[in-house]
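The chain contents come next:
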Amino acid sequence: MYIQSTSSVTFVLFGGTGDLSMRKILPALYEAHRAGMLTASGKIVAVARHEDDRASYLQWVNEHVKARVAKNGLDESAWATFIDRIEYVKLDLGCAEDFVKLRDALQDLAGTRVFYLATGPSLFVPICRALASVGLNENARIVLEKPLGYDLRSSNAINDAVGEIFAEEQIYRIDHYLGKEPVQNLLALRFGNALFEPLWRREWVESIQITIAEELGVEARGDFYDNTGALRDMVQNHLLQLLSIVAMEPPHSMDSDSVRDEKLRVLRALKPIDPRDISKVAVRGQYHAGVIRGTAVPAYATEHGVKPDSATETFVALKVEIENWRWAGVPFFLRTGKRLADRVAEIVVNFRAVPHSALGASALRAGANRLVIRLQPNETIRLYCLAKKPGEGMNLSSVHLDLAFDQFFKEGQMEAYQRLLLDVINGRLALFVRRDEQEAAWKWVEPILNDWAASGKPKPYAAGTWGPTAASAMLAQHGTCWLEEEN
Ligand code: BG6
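Anyway, here's the lowdown on the structure attached to this text.

1. Comments concerning the overall build of the protein
- When helices and strands are tallied, the protein shows 17 helices and 17 strands.
- Here the protein has a C-alpha radius of gyration of 24 Å; the compact-globule value for 487 residues is 23 Å, and the two agree.
- Across its three principal directions, the C-alpha atoms of the protein cover 80 × 50 × 45 Å.
- Taking all 487 residues of the protein together, the buried fraction comes to 52%.
- Taking contacts inside the protein between residues at least 6 apart in sequence as the whole, the part at least 24 apart equals 77%.
- With an accessible surface of roughly 22,000 Å², the protein has 52% of that area assigned to carbon and sulfur atoms.

As C-alpha cells, then:
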C-alpha cells in the first residue's frame, strides 16, 4: 500500500538534535529511504541550534542515529545515500534573520514543504509565526508532536494561534499509537469481518478493558513527566484514541474525515464525569521502589528531575461509559502505568454469558466468551470459547483460538513513525488527530485533572506490580477483574 511517494517533499525537522529526532524520526526516515519509499530528490533539512554546520550535524547523526538503525544490520550504501539527503540549517528561534536564512536555504529545494516540530509545545506558536513572517506557511504541512497543551485552555490557545497560520488540512497532529500496525489491524478486524460486528454492542458485550502497561519508568524525562503525569501523557491521547476506535460506528469509507468523524462521535458521547464521583471512577497511583524482572528499581519520587514530594500520577485506572445506543451501560475500564509488572498493550472484550444454559451449571461456571486483542508485544488475537472436556458428563472448560500475526505474515511490521511520516509526505490525514477530537478528549479529562490538582495524593504501588489495589477494587465492584489477574 505504501508506494513511493509521487510528489517530492522537503522535510524540515525542527529539533534536529533532540531526543525524538534521534530515537524515532531520523531512524523512521532512514527506513523509508532504504525501502525506496521516498522520491529520489526529496531532501531532509535538519534545523537546530547546537551544531555549527552540515559537517558537524552529520557527525552527530553518525554518532547518535547510525547505531540505532544498525540494530538489525546496516545497509551501508543505503546509509550513505540517506546521509546525502540531509542538509542542515543552524537556527536560533529568537532570531528573525535566521528564518530568512532558512527560507533562502529552502528556495532551491523542490516540492511541498513539511515542517516537523519535534520541539516542546511552548515553541509551536513562535515557530509557526516565524515561518509565516517569511511566507513559509504557504502550501506547507505542519506536524505537531504531543503533548499539545496542558489542558483544554492551553491546547485551544495553541490551536487558535497555529490555526491563524495554517488551515486545518495543513495540520498533522501526531498520536503515534494511531500509526501502530496492530491498531490498523483493529480497524481491519472490526470492519473487514462480518463475524464480530453484530456482537460488538451492549446486547452481547458485558465490559471492555484497555490496558497500556509499561515496565519502563520515566527514564531521562523526569522533569517533563513530573509536570505532565499519566492522565495527560497517555489517557488524553493514546487511550482515548484506542477507545474511540474500539467503540466507533463503521465509517462509510476510510477517508480521513469519515474515520475522524466517527471517532469524534464516540469522544463526544463519553459520559461526563461528575466531580463528586471521581473517586468512584478514577484511581491514580505513583510507583514506589520495587523489583522488575529481578532488578531493583527506585521510587518515582527519587527519579532525576522529579520533586521529592511530587503528587504526579504514574498510574491511572478509569471506568468510562459511552452514552449512545450501542454502548449504554457497558463499562469500559482503561488503565495505564509506568513500572508495572509487564509491558503490554491489550484490549479485552468480555462477552456476556449465554442467556440460558441448556448445558447445566458447569457451562456457566466455565465462564463466557472473551476476545483478547494484544497490540504489543507479539501482536495476537485470542478468542476464548467453551468446549466440552473429554470424558463422561457435560463438563465445560475455557479453551482458546489463537491468531499470531507473525505466523501469517513474514514481512516485519512497519514502525509507527515510519507509517505516519509517509502519510504526512503523501498528504494523508486519517491517522492524525483533528482539532475537534483533541478538544473533546481534553474536555472529558478536565474534571479529573482539576480534582487531582486540587487535592489528595496518588495511591502508592510497588514497582513491578499491577498498580494500586484500588484499581482492582474498582473492577470488583462490577463483578470483574483485570485480565492478567486471572492468568
Ligand atoms: C509516549 C509517552 O507518548 O508513549 C511515553 O509520552 C510512553 O511516556 C510512550 O512511554 C509509550 O509508547 P509505546 O509505543 O512504547 O507504547
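Picking up after the structure, the text goes on.
2. What to know about the pairing of strand S7 (residues 205–213)
- By the criterion of burial, S7 is predominantly enclosed, with eight of the nine residues buried.
- In the sheet, S7 pairs with strand S13 (residues 344–351) via eight bridges, with the strands oriented antiparallel. Bridging from a neighbouring strand, Ile212 pairs with Ala345 of S13.
- Pairing geometry for S7 and strand S12 (residues 332–337), over six bridges, is parallel. Bridged to Ile210 within S12 is Leu334.

3. Looking at the side chain of Asp98
- When you line up the elements, Asp98 lands in helix H5 (residues 96–107).
- Here Asp98 is in contact with Lys90, Leu91 and Asp92, once residues within four sequence places are set aside.

4. Re the nonpolar core
- In this structure, Phe11, Tyr116, Leu240 and Phe332 are the most contacted members of the largest nonpolar core, which totals 125 residues.
- With eleven residues, the top contributor of residues to this core is helix H10 (residues 229–247).
- Sequence-distant contacts of Tyr116, that is, excluding residues within four places in its chain, are made with Phe11, Val12, Leu13, Phe14, Leu20, Ile25, Val143, Glu145, Ile174, Tyr417 and Leu421.
- Counting 29 residues, the second largest nonpolar core, distinct from the first, contains Cys128, Leu144, Ile165 and Ile171.

5. Details of the packing of aromatic side chains
- Counting across every chain of the model gives 15 aromatic pairs.
- Between Tyr30 and Phe82, the aromatic rings sit 5.6 Å apart at their centres with planes inclined by 80°, giving edge-to-face as the arrangement. Here the residue Tyr30 occupies a position in helix H1 (residues 19–34), and Phe82 occupies one in helix H4 (residues 76–85), the gap between them amounting to 52 residues. Phe82 matches Tyr30 in its accessibility class, with the two residues each being buried.

6. Re the pairing of strand S14 (residues 370–376)
- In terms of burial, S14 is a largely internal element, six of the seven residues being buried.
- Where S14 lies against strand S15 (residues 380–388), five bridges are found, and the strand directions are antiparallel. Bridging across to S15, Arg374 finds its partner in Thr380.
- Linking S14 to S15, which pair antiparallel, is a turn of three residues; within it Asn378 sits at a positive phi near 55°.

7. Some details on the site of the ligand
- Contacts to the ligand come from Lys146, His176, Tyr177, Lys180, Glu214, Arg221, Asp233, Met234, His238, Lys338, Arg343 and Gln376.
- Here an oxygen atom of the ligand sits 2.5 Å away from a polar atom, N or O, in the side chain of Arg221.
- For the ligand, an oxygen atom lies 2.9 Å from a polar atom in the side chain of Lys338.
- If you tally residues by element for the shell around the ligand, the top one is H10, at three residues.
- Residue composition of the shell around the ligand, grouped by class: two nonpolar, three polar and seven charged.

8. Notes on the sheet that holds S15
- Here we have nine strands laid out as an open sheet, ordered S16-S15-S14-S13-S7-S12-S11-S8-S17, and mixed in their pairing. Pairing within the sheet leaves two strands with one partner each, and these edge strands are strand S16 (396–404) and strand S17 (459–462). Adjacent strand axes in the sheet meet at a mean angle of 20° when their direction is disregarded.
- The strands that helix H17 (residues 469–476) touches are S7, strand S8 (282–288), strand S11 (315–320), S12 and S17; relative to S11, the one it contacts most, it runs at about 10°.

9. Observations regarding the pattern of salt bridges
- Summed over all chains, the structure comprises 35 salt bridges.
- Between Arg173 and Glu168 there is a salt bridge whose closest N-O contact spans 2.8 Å.
- Exposure remark for Arg173: the relative accessible area of 2% places this residue in the buried category.
- Take Glu168: its relative accessible area is 26%, and that puts it in the partly exposed class.
- We note a salt bridge from Arg260 to Asp257, for which the minimum N-O separation is 3.4 Å. Residue Arg260 and its partner Asp257 are located together in helix H11 (residues 256–269), separated by three residues, close to a single helical turn.
- The exposure class of Arg260 is buried, given its relative accessible area of 4%.
- Three or more residues are tied together by salt bridges with common partners; here these are Asp257, Arg260, Asp261, Arg434 and Asp436.

10. Here we look at the side chain of Glu346
- Positionally, Glu346 belongs in strand S13.
- With a relative accessible area of 13%, Glu346 lands in the buried category.
- For Glu346, the side chain forms a polar contact with the side chain of Arg374, separated by 2.9 Å.
- Beyond its immediate chain neighbours, meaning those up to four positions away, Glu346 contacts Gln209, Ile210, Thr211, Val372, Ile373, Arg374, Leu375 and Leu483.

11. Notes on the packing of H1 against H4
- Direction vectors running N to C along H1 and H4 enclose 115°, while the axes themselves pass 10 Å from each other. In the packing of H1 onto H4, the handedness of the crossing is right-handed. In this structure, H1 contributes Leu26, Leu29, Tyr30, His33 and Arg34 to the contact, and H4 contributes Ala78, Trp79, Thr81, Phe82 and Arg85.

About the thresholds
Residues numbered from 1 in each chain as written. Predicted model: local features only at pLDDT ≥ 70, side-chain atom pairs only at ≥ 80, totals over all residues. Heavy atoms only, no water. Helix = DSSP H or I, 4+ residues; strand = E, 2+ residues; numbered from the N terminus. Rg over C-alpha atoms; globule rule 2.2 N^0.38 Å. Buried < 20%, exposed > 50% of the residue type's maximum accessible area, 1.4 Å probe, protein only. Contact = heavy atoms within 4.5 Å. Areas by Shrake-Rupley, 256 points an atom, 1.4 Å probe, with all protein chains shown as cover. Pairing = 2+ DSSP bridges. Core = buried A, V, L, I, M, F, W, Y, C linked by side-chain atoms within 4.5 Å. Phe/Tyr/Trp six-rings, centres within 6.5 Å; stacked < 30°, edge-to-face > 60°. Near = heavy atom within 4 Å. Polar contact = N/O pair within 3.5 Å; in protein donor to acceptor, adjacent residues only side chain to side chain. Nonpolar A, V, L, I, M, F, W, Y, C, P; charged D, E, K, R; others polar. Axes fitted to C-alpha atoms, helices over the stretch in contact; angles between N-to-C directions. Salt bridge = Lys/Arg side-chain N within 4 Å of Asp/Glu carboxyl O. Left-handed = near helix turned anticlockwise from the far one by under 90°.

In short, geometric facts, not functional conclusions.
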